Amino acid sequence: MKTLKNGLLIAGCLALTSLAQAQPIVGAHYPAGVEGIKGASLPPPGFYVRDYNVFYNADRFENLDDNFNLFGYINAPRFIWMTDKKIFGANYGMDVLATFGHMDWDAAGKDDYFGIGDIQIEPVLLSWNWQQFDLAAGYAFWAPIGDFSPSRPGMISKGFWSHQLTLGGTWHIDQAKTWAFSLLNRYEFCHEQTQTHINPGQVYTAEWGLSKTLRENMDVGVVGYYQQQTTYDNGAPGAIAHLDRVFGAGPEVSVFCPKAGLFTSLRYIYEFEARYRPEGHLVTLTFTKPL
């Protein structure tokens, strides 16, 4: 789970006060689309730093006026520690991820914001590796340390705690491992948003990737995601009586530079069939380096 629409950036998690009678929209912290090619494969034992750079732009939000526009940049450094310790035959690890970023939006008035976001702590990270298959599982929680406000998009901070379960696998299709297919599943349980007293619904996220090794240290492929709110918001009168969802797909290239010991991936995602959330374009640039 290279972990980093939501808690950071990809909307469906927006807390938006746009238009005269619009209500805040809340959702999962996890931003679909930050993982792609071989997204369910974890690194071998060691310390790693992974830096996610996420750019998001949307100019469409179902049921809002034509003036809606949102641009955001999120930087999310993640520190990963994988150990030699075995649990159920898997290597045990843990990680922590912090977020901060900037966003501009226009929905019944222009505004912008820069600040520190919520933090994710993953105390349980398990990695199994076989000849042709990798399996990963984990438990994480998000702590609302960011400066949340119901009057702006909730791309950086959400204003509530949440718990996240992860399970995914990567299948190396041929013996030479030049082809790979990965599927990463996450499920998030959200607590009450303290300022609005809304209880956000639970959210399921699936991220997939099909890749081909073109030459040594370079993979290319197609990736995508599906994020679906599975239970309704409830609690305060502002709770939305709809289940939001979005699909996304696009290309990715991943390169390893042996001299620098640096892994770099770049992906573009086009969103479609969004319901009750923004629909836009996502670009993610990720750097990973062993320490």
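Here is what the cut-offs are and how they apply
- Residues numbered from 1 in each chain as written.
- Predicted model: local features only at pLDDT ≥ 70, side-chain atom pairs only at ≥ 80, totals over all residues.
- Heavy atoms only, no water.
- Helix = DSSP H or I, 4+ residues; strand = E, 2+ residues; numbered from the N terminus.
- Buried < 20%, exposed > 50% of the residue type's maximum accessible area, 1.4 Å probe, protein only.
- Areas by Shrake-Rupley, 256 points an atom, 1.4 Å probe, with all protein chains shown as cover.
- Salt bridge = Lys/Arg side-chain N within 4 Å of Asp/Glu carboxyl O.
- Phe/Tyr/Trp six-rings, centres within 6.5 Å; stacked < 30°, edge-to-face > 60°.
- Pairing = 2+ DSSP bridges.
- Contact = heavy atoms within 4.5 Å.

Caption draft 1: Representation of the overall build of the chain. For the chain, the count of helices and strands is 0 helices and 16 strands. Each of the 291 residues in the chain was classed as buried or not, and the buried ones make up 53%. Accessible area of the chain: about 12200 Å², with a carbon and sulfur share of 64%.

Caption draft 2: Expanded view of the pattern of salt bridges. Here the structure, examined in full by the defined rule, presents 8 salt bridges. Residues Arg-245 and Glu-273 are paired through a salt bridge, measuring 3.4 Å at the closest nitrogen-oxygen approach. Taken together, the residues Arg-245 in strand β14 (residues 245-257) and Glu-273 in strand β15 (residues 262-275) connect sequence positions 28 residues apart. Given a relative accessible area of 39%, Glu-273 falls into the partly exposed group. For Arg-275, the salt bridge identified is with Glu-273, shortest N-O distance 3.3 Å. A network of salt bridges, in which partner residues are shared, links Arg-78, Asp-95 and Glu-122.

Caption draft 3: Focus on the packing of aromatic side chains. As enumerated under the stated definition, the model contains 12 aromatic pairs in all. Their ring planes at 20° and their centres at 6.5 Å tell us that Tyr-270 and Phe-272 sit as a pair that is stacked. Within the aromatic cluster, the residues linked to one another by ring pairs are Tyr-204, Tyr-226, Phe-247, Tyr-270 and Phe-272.

Caption draft 4: The arrangement of the pairing of β15 in detail. Note: β14 against β15, 10 bridges, orientation antiparallel. Bridging across to β15, Val-253 finds its partner in Leu-266. Hairpin geometry of β14 and β15 is characterised by an intervening segment of 4 residues between the two adjacent antiparallel strands and by a positive phi of about 60° at Gly-261. The turn linking β15 back onto strand β16 (residues 278-290) is made up of 2 residues, and Tyr-276 within it adopts a positive phi angle of 60°.

Caption draft 5: The environment of Gly-93, seen in detail. Here Gly-93 lies in strand β3 (residues 90-97). Among all residues touching Gly-93, those that are not within four sequence positions of it are Trp-81, Met-82, Thr-83, Pro-123, Val-124 and Leu-125.

Caption draft 6: Local environment of the pairing of strand β9 (residues 179-190). Going residue by residue along β9, you find Ala-180, Ser-182, Leu-184, Arg-186, Glu-188 and Cys-190 tucked away on one face and Trp-179, Phe-181, Leu-183, Asn-185, Tyr-187 and Phe-189 left uncovered on the opposite face. By the bridge criterion, 11 bridges tie strand β8 (residues 162-172) to β9 in an arrangement that is antiparallel. The partner of Gln-164 across the bridge, within β9, is Glu-188. With antiparallel pairing between neighbouring strands as the criterion, β8 and β9 make up a hairpin whose turn holds 6 residues, including Lys-177 at a positive phi of roughly 60°. In this sheet, strand β11 (residues 203-215) lies alongside β9 in antiparallel orientation, the contact comprising 10 bridges.

Caption draft 7: Fine view of the environment of Leu-135. Note on placement: Leu-135 falls in strand β7 (residues 133-143). We classify Leu-135 as partly exposed; its relative accessible area is 22%. If we ignore the near neighbours within four places in the chain, the residues touching Leu-135 are Ala-40, Leu-126, Ser-127, Trp-128, Trp-130, Leu-167, Gly-168 and Gly-169.

Caption draft 8: Main features of unusual backbone geometry. Phi is positive for Lys-38, close to 50°, though the residue is something other than glycine. Take Lys-38: it is sitting in the segment before β1 (46-61). Even without being glycine, Lys-177 reaches a positive phi, approximately 60°. Here Lys-177 is to be found in the loop between β8 and β9. According to the relative accessible area criterion, Lys-177 is partly exposed, its value standing at 32%.

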